[in-house]
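# Results of the structural survey
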Amino acid sequence: MTMESPAFADATSAREPVLSMRGISKWFGAVQALTEVDFEVFAGEVVAIVGDNGAGKSTLIKILAGVHPQDAGTIWFDGEQVSIPSPAASRELGIATVFQDLALCDNLDVVANLFLGREISHGTLDEEEMESRAWSLLRQLSARIPSVRVAVATLSGGQRQTVAIARSLVGEPSVVILDEPTAALGVAQTAEVLNLIERLREQGLGVILISHNMADVQAVADRVTVLRLGRNNGDFRIPDVSYEDIISAITGATDNVVSRRADRLDRAERLDDADRLDGGAL
Ligand SMILES: Nc1ncnc2c1ncn2[C@@H]1O[C@H](COP(=O)(O)OP(=O)(O)O)[C@@H](O)[C@H]1O
Ligand SMILES: [Mg+2]
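Quick look at the structure, then. It should be emphasised that the depicted structure is a prediction, and the values quoted were computed from it without experimental measurement. Residue numbers run consecutively from 1 along every chain, following the written order of its sequence. As a convention, the first chain written is A and the first ligand written is 1, with the rest following in written order. Per-residue local features of the predicted model are confined to residues with pLDDT of at least 70, and side-chain atom pairs are confined, for both listing and counting, to 80 or more; whole-chain, interface and lining totals are unaffected and use all residues.

### Points about the nonpolar core
Selection criterion: Each nonpolar core reported here comprises buried Ala, Val, Leu, Ile, Met, Phe, Trp, Tyr and Cys residues connected via C-beta atoms within 7 Å. Around each residue's C-beta, the other C-beta atoms within 10 Å are counted; 20 or more make the residue buried, 12 or fewer make it exposed, and counts in between make it partly exposed. All C-beta atoms are placed from the backbone. Each residue is represented by a C-beta atom placed from its backbone, and any two residues with such atoms within 7 Å are regarded as in contact.
Grouped together as the largest cluster of nonpolar side chains are 72 residues, with contacts concentrated most on Val-175, Ile-177, Ile-197, Val-207, Ile-208 and Leu-209. Residues contacting Ile-208, with those up to four places away along its chain left out, are Val-41, Val-47, Ile-49, Ile-61, Val-175 and Ile-177.

Written out as structure tokens, the structure is:
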């Protein structure tokens with residue numbers, strides 16, 4: 001084996017997850033959105049959360065982001081039990097969430113967006129310091145942004161996602177949550193964002209990635225947690241799992257490879273029988 005990056009060594013040696021959720025349940029009125037869900041992420045690990053529409057993915061991350069409190073279950077962060085009553089509490093713990101709408105201000109430039117609400121000021125806004133910090137954040141992500149003084153409206157979808165992710169790093173989080181970061185992107189821009197996710201992992205962050213795109217999940221995640229109808233329905237290490245097995249877990253097909261094969265044989269036999277009956281009827 002060649003040299004391992006420190007982040008990789010961390011990911012394999014750190015036995016305590018940076019974040020773990022145990023027995024999380026959540027109701028919206030009569031609807032039970034989550035039922036006793038367990039979830040965890042380690043430092044230097046990318047965990048994908050997948051599941052069909054309504055599976056509970058957004059609800060789970062909104063609990064982490066401090067948008068909704070859970071009704072039951074516990075959350076542990078850095079080895080301590082925590083409650084996350086508000087978005088500010090989530091950020092203070094060190095959880096950064098990049099929602100799907102990105103919440104960028106199109107008419108403001110990159111620097112202004114990065115430091116929106118956290119302007120560095122010593123009496124007056126320190127534009128120079130913010131600009132140099134903006135570049136260093138973007139360099140940290142190996143991001144390709146032509147200028148930090150252009151309005152965000154002029155950037156491509158991938159670059160906008162980059163700015164949103166860079167902004168999430170301003171508060172120096174230890175966990176970053178990305179909700180469908182490649183959903184609106186073409187192939188090249190998707191590749192750029194996947195690279196960015198790898199940079200986050202290299203820096204030792206725990207990355208939670210919500211995605212519908214199995215190619216992305218298989219390209220960048222270390223592990224995948226499947227939710228179905230608000231419950232855990234599988235937790236797999238990416239190298240150990242096939243595309244088909246992830247899809248089966250998402251759709252609730254309970255079969256494994258053996259029963260699938262038996263099912264196929266079964267069907268073939270029934271078809272044979274049908275053929276024979278057809279033949280007999282002639
Ligand atoms: N704010 C809400 N009020 C009522 N029901 C909700 C709310 N948010 C989510 N739900 C319900 O909770 C379930 C899980 O939804 P969600 O977490 O959005 O799933 P996903 O993100 O996997 O598509 C669904 O049945 C959804 O209709
Ligand atoms: Mg959702």
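Picking up where we left off.
### With respect to the pairing of strand β1 (residues 19–28)
Heads up, the rule is: For two strands to be treated as a pair, DSSP must find no fewer than two bridges joining them. By the criteria applied, helices consist of DSSP H or I runs no shorter than four residues and strands consist of E runs no shorter than two, each listed in order from the N terminus.
Bridge analysis of β1 against strand β2 (residues 31–41) gives seven bridges, and the strand direction is antiparallel. By the bridge assignment for β2, Phe-28 is matched with Val-31. Taking the residues between adjacent antiparallel strands as the criterion, β1 and β2 are bridged by two residues, where Gly-29 takes a positive phi near 60°. Examined bridge by bridge, β1 and strand β4 (residues 72–77) share five bridges and lie antiparallel to one another.

### Re the site of ligand 1
Selection rule: Near, as applied to residues and a molecule or strand, means the residue's backbone-placed C-beta atom lies within 6 Å of it.
All residues in the neighbourhood of ligand 1 are listed as Phe-28, Val-31, Ala-33, Gly-51, Asn-53, Gly-54, Ala-55, Gly-56, Lys-57, Ser-58 and Thr-59. Contributing elements (two or more residues each) for the shell around ligand 1: β2 and α2 (57–64). With three residues, the top contributor of residues to the shell around ligand 1 is α2.

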